[in-house]
Amino acid sequence: MHAFTHTRIHAARTAELAADAAAERLAREAADAAAPASAALRERLGEALVAAGTRLMRPGHPHARVQRHAV
């Protein structure tokens, strides 16, 4: 009886380790597949931020400026 219980525990633990290893492998493969997409997205985001910063640094429209009148 003891040997049977030990075998069941060992089989359950082996199945658990195999499932964990498979999940890690799938997660790693998914991350590797998404890497090029995330790099392209990061590059587009960077370009958008640079463009927005460039627009903010340009002088405003002349009519949009606050003009002070001499009193």
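For the structure, check the block above.
**Q** What should I look at first to understand the overall build of the protein in this one?
**A** Within the protein, the regular secondary structure consists of 1 helix and 0 strands. Evaluated residue by residue, the protein yields a buried proportion of 0% over its 71 residues. As displayed, the protein offers around 6,800 Å² of accessible surface, 64% of which is attributable to carbon and sulfur atoms.

**Q** Explain helix α1 (residues 2-57) to me, please; I cannot follow it from the model alone.
**A** Three or four residues apart is the spacing at which side chains of an α-helix point the same way, because the helix has 3.6 residues per turn. Here α1 spans 78 Å end to end across 56 residues, near enough to the 82 Å set by a 1.5 Å rise per residue. The principal kink in α1, of about 40°, is found at Ala35, preceding the proline Pro36 by one to four residues.

**Q** I keep staring at the pattern of salt bridges and nothing clicks. Help me out?
**A** Two side chains with opposite charge may pair up if their charged atoms get near one another. Under the defined criterion, the tally for this structure stands at 2 salt bridges. Glu16 is the partner of Arg13 in a salt bridge, and the nearest nitrogen-oxygen pair spans 3.1 Å. With Arg13 and Glu16 both in helix α1, this residue pair falls 3 residues apart, about one helical turn. Relative accessible area serves as the criterion here: at 41%, Arg13 is assigned to the partly exposed category.

Conventions used here
Residues numbered from 1 in each chain as written. Predicted model: local features only at pLDDT ≥ 70, side-chain atom pairs only at ≥ 80, totals over all residues. Heavy atoms only, no water. Helix = DSSP H or I, 4+ residues; strand = E, 2+ residues; numbered from the N terminus. Buried < 20%, exposed > 50% of the residue type's maximum accessible area, 1.4 Å probe, protein only. Areas by Shrake-Rupley, 256 points an atom, 1.4 Å probe, with all protein chains shown as cover. Expected span 1.5 Å × (residues − 1). Bend = angle between axes of the 7 residues up to and from the residue. Salt bridge = Lys/Arg side-chain N within 4 Å of Asp/Glu carboxyl O.

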